[in-house]
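Now for the letters of each chain:
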Amino acid sequence: FLPRGGIGCPRIGTFGNLAGRSGPLRVGIRSGTRLGTRIRPARNLIVNTGPLRRHVRPGTWPGPRIVTLHLAAVDLSERRRYEQRLAHLADHDVLTGLPNRRRFDAALAEHLDLCARSGPRGALLLLDLDHFKEVNDTRGHDAGDELIVSTAAVLRGSLRETDLVARLGGDEFAILLPDADREAAEQVADAVVERVRTNSRTLEGVNRRVTASIGVVTFAGATERAEDVLALADMLMYDAKDAGRDR
């Protein structure tokens, strides 16, 4: 134990081998070591001290000998992993691993707050796969799921780390480009359309007509039109479908 403000602080080596263990423990403490009423263990490990021997004065261990301190340890590693897994599932799509609608709505709200404080910037892309229903109807849901997963991978690989791509549900995806202007957003959209088209042609049994329609809107443009940015992107996406899709 290392002294730290009157509270015993175990060396990493002392508790490093306790992962996965719970129950009573016996630990040797050298004389002269200051000890408080709580022990600070390694991460994810709770250690509670038992009663000290009567001949031990508060604060230090007397005499040139080693005495025994009884501890009870509870390993919380599995519980922490479970809690982290639940938190991840709450914000991410199970099939693709992308952020889900809940996480996207939170990110969009944060960006809108930033725009309100510092002025509108960035762009939003709303993407829908063309002829996706035909894949589910003719090839089955497994083929549809494979198409969704591969499309998610294409989108993830087409963006920067600072950008956000989310699956909103079904075959609909949203892309938030925090710093893009109109020209940059359209370049991203063109690249995504091309890559989705190419990807669908490499999947066995998938209709080669599967493409992507994208609505592109800048936050500055939505502000000028006094329209909701998500509703405007959705309208532009369906305009792309009406104009022939794959754009």
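Residues numbered from 1 in each chain as written. Predicted model: local features only at pLDDT ≥ 70, side-chain atom pairs only at ≥ 80, totals over all residues. Heavy atoms only, no water.

Chemist: In this structure, what is going on with the overall build of the protein chain? I would like to understand it.
Modeler: Within the protein chain one finds eight helices and nine strands. Per-residue burial over the protein chain gives 40% buried out of 247 residues. Put simply, of all contacts in the protein chain between residues at least 6 apart along the chain, 70% involve residues at least 24 apart. With the model as given, the accessible surface of the protein chain reaches about 14,300 Å², and the carbon-plus-sulfur share is 49%. (Helix = DSSP H or I, 4+ residues; strand = E, 2+ residues; numbered from the N terminus. Buried < 20%, exposed > 50% of the residue type's maximum accessible area, 1.4 Å probe, protein only. Contact = heavy atoms within 4.5 Å. Areas by Shrake-Rupley, 256 points an atom, 1.4 Å probe, with all protein chains shown as cover.)

Chemist: It is not clear to me how the nonpolar core should be interpreted in this structure. Could you clarify?
Modeler: Generally speaking, soluble globular proteins have nonpolar side chains that are buried together. One finds Leu125, Leu127, Leu129, Ile175 and Ile214 to be the most contacted residues of the largest nonpolar core, which totals 29 residues. Those elements giving two or more residues to this core turn out to be strand E6 (123–130), helix H4 (132–139), helix H5 (141–157), strand E8 (172–177), helix H6 (182–202) and strand E9 (211–218). For this core, the element with the most residues is H5, which contributes six residues. With 19 residues, the next largest nonpolar core counts Ala107, Leu168, Ala174 and Leu230 among its residues. (Core = buried A, V, L, I, M, F, W, Y, C linked by side-chain atoms within 4.5 Å.)

Chemist: What's the story with the pattern of salt bridges in this structure? I'm lost.
Modeler: Working definition: two side chains of opposite charge can pair if their charged atoms are close together. On inspection of all chains with the given rule, the structure shows 15 salt bridges. Among the salt bridges present, the one from Asp93 reaches Arg167, with a minimum N-O distance of 3.2 Å. Taken together, the residues Asp93 in the loop between helix H2 (77–91) and helix H3 (101–118) and Arg167 in strand E7 (residues 164–169) connect sequence positions 74 residues apart. Linking Arg245 and Asp130 is a salt bridge whose minimum nitrogen-to-oxygen distance equals 4.0 Å. Linking Arg245 in the segment after helix H8 (229–242) with Asp130 in strand E6, this pair joins segments that are 115 residues apart in sequence. By sharing partners, the salt bridges in this structure join Asp128, Asp130, Lys241 and Arg245 into a single network. (Salt bridge = Lys/Arg side-chain N within 4 Å of Asp/Glu carboxyl O.)

Chemist: Could you clarify how one ought to interpret the pairing of E8 in this entry?
Modeler: Walk down a regular strand and you will see the side chains alternate between the two sheet faces. Burial analysis of E8 places six of its six residues in the buried class, the great majority of the element. Burial of the side chains of E8 extends over both faces: Glu172, Ala174 and Leu176 are buried on one face and Phe173, Ile175 and Leu177 on the other. Examined bridge by bridge, E6 and E8 share six bridges and lie antiparallel to one another. Bridge pairing links Asp128 to Glu172 in E8. One ladder, built from five bridges, connects E7 with E8; its direction is antiparallel. Bridged to Ala166 within E8 is Ala174. Hairpin remark: E7 followed by E8, antiparallel, with two residues in the connecting loop; positive phi at Gly170, about 55°. (Pairing = 2+ DSSP bridges.)

Chemist: Looking at this model, I keep getting lost on the pairing of E6. Mind explaining?
Modeler: Most of E6 is tucked away: eight of the eight residues are buried. Where E6 and E9 come together, eight bridges link them in antiparallel fashion. From the neighbouring strand, Asp128 faces E9, where its bridge partner is Ser213.

Chemist: What's the story with a negative patch on the surface in this structure? I'm lost.
Modeler: Taken together, the side chains of Asp142, Asp145, Glu146 and Glu204 define an acidic patch exposed on the protein surface. As for its placement among the helices and strands, Glu204 is situated in the loop between H6 and E9. (Patch = residues over 30% accessible without salt bridge, like charges linked within 9 Å, V, L, I, M, F, W, Y side chains within 5 Å. Lys, Arg positive; Asp, Glu negative; His and termini not counted. Charge placed at Lys NZ, Arg CZ, Asp CG, Glu CD.)

Chemist: Could you clarify how one ought to interpret the confidence of the model for the protein chain in this entry?
Modeler: Interpreting fine coordinate detail is not advised for predicted regions of low pLDDT. When the pLDDT values of the protein chain are averaged, the result is 78; 68% of them are 70 or greater. Mean pLDDT across the secondary structure elements of the protein chain bottoms out at strand E1 (residues 2–4), with 37, and peaks at E8, with 98. For the stretch residues 1–67, pLDDT sits under 50, and the model shows 124 contacts to residues farther than four places along the chain or on other chains. (pLDDT = per-residue confidence, 0-100.)

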